[in-house]
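# Tertiary structure, described
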Amino acid sequence: MFGWFSKPDEHVQREGDSAFRVRVRTARSGDIVELRITKGNEISASDEGGYYVRKTIVSSEHLDRAVLEIWFDNAYRPKRKVVEGGELVPIKEWT
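Attention here is on the structure that accompanies the text. (Residues numbered from 1 in each chain as written. Predicted model: local features only at pLDDT ≥ 70, side-chain atom pairs only at ≥ 80, totals over all residues. Heavy atoms only, no water.)

### Here's the deal with the nonpolar core
Judged by nonpolar contacts, the single largest core of 17 residues is most densely connected at Val22, Val24, Ile37, Leu68 and Ile70. Per element, the largest residue contribution to this core is four residues, and it comes from strand S6 (residues 65-72). Sequence-distant contacts of Ile70, that is, excluding residues within four places in its chain, are made with Val12, Val22, Ile37, Tyr51, Tyr52, Val53, Pro78, Arg80 and Lys81. (Core = buried A, V, L, I, M, F, W, Y, C linked by side-chain atoms within 4.5 Å. Buried < 20%, exposed > 50% of the residue type's maximum accessible area, 1.4 Å probe, protein only. Helix = DSSP H or I, 4+ residues; strand = E, 2+ residues; numbered from the N terminus. Contact = heavy atoms within 4.5 Å.)

The structure is reproduced here in structure tokens:
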């Protein structure tokens, strides 16, 4: 009932109505890679309901590799996030 008042996600930033920004820090070298994920091209319907995206990330400086997965609800609110080979950078740390 009070879903309208949910707080913004600490790692996934909305960019207009059709995209999201995320930053991932790689585990090996600590490189930070920023991703722009769009609803139309990268996010697809999930078998469990809602939406899902999986992105392979390669840092340009050290060629570190990480894999990001995000599950969204039907309103495109992030519900679960997993990073293999790195970690999400909280929005409050973006400079």
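### Thoughts on the packing of aromatic side chains
Any two aromatic rings considered together are summarised by their centre-to-centre distance and by the angle between their planes. Using the criterion set out here, one finds four aromatic pairs in the structure. An angle of 10° between the planes, with centres 4.1 Å apart, marks the rings of Tyr51 and Tyr76 as stacked. On the criterion of sequence distance, the pair formed by Tyr51 in strand S5 (residues 51-58) and Tyr76 in the loop between S6 and strand S7 (78-84) is long-range, its members being 25 residues apart. Under the relative-accessibility criterion, Tyr51 is labelled partly exposed at 23%. Residue Tyr76 is classed as buried on the basis of its relative accessible area, which comes to 16%. Judged by centre distance (6.3 Å) and plane angle (55°), the rings of Phe72 and Tyr76 are tilted. Above the plane of the ring of Tyr76 lies Lys39, whose end atom (NZ or CZ) is 4.1 Å from the centre. (Phe/Tyr/Trp six-rings, centres within 6.5 Å; stacked < 30°, edge-to-face > 60°. Lys NZ or Arg CZ within 6 Å of the ring centre and 35° of its normal.)

### Quick word on the side chain of Arg23
Looking at the secondary structure, you find Arg23 in strand S2 (residues 19-26). Here Glu34 takes part through its side chain, which lies 3.0 Å from a polar atom of the side chain of Arg23. (Polar contact = N/O pair within 3.5 Å; in protein donor to acceptor, adjacent residues only side chain to side chain.)

### As for the pattern of salt bridges
Following the criterion strictly, the structure yields 12 salt bridges and no others. For Glu15, the salt bridge goes to Arg21, with nearest N and O atoms at 2.6 Å. Look at Glu15 and you get partly exposed, because its relative accessible area is 26%. The network of salt bridges with shared partners includes Glu15, Arg21, Arg23, Glu34 and Arg36. (Salt bridge = Lys/Arg side-chain N within 4 Å of Asp/Glu carboxyl O.)

### Topic: the sheet that holds S5
Taken in spatial order, the four strands make up an open sheet running S4-S5-S6-S7, and their pairing is antiparallel. The open sheet has two free edges, formed respectively by strand S4 (44-45) and S7, since each of these has just one partner strand. Bridging between S5 and S6 involves eight bridges; their strand directions are antiparallel. Bridge pairing links Thr56 to Val67 in S6. (Pairing = 2+ DSSP bridges.)

### Notes on unusual backbone geometry
Glycine aside, the phi torsion of most residues is negative, and most peptide linkages are trans. Phi angles above zero are rare outside glycine, and Leu63 is one such case at about 60°. Locating Leu63 in the fold gives a position in the loop between S5 and S6. The exposure class assigned to Leu63 is exposed, which follows from its relative accessible area of 62%. Phi at Tyr76 takes a positive value of approximately 60°, unusual for a residue other than glycine.

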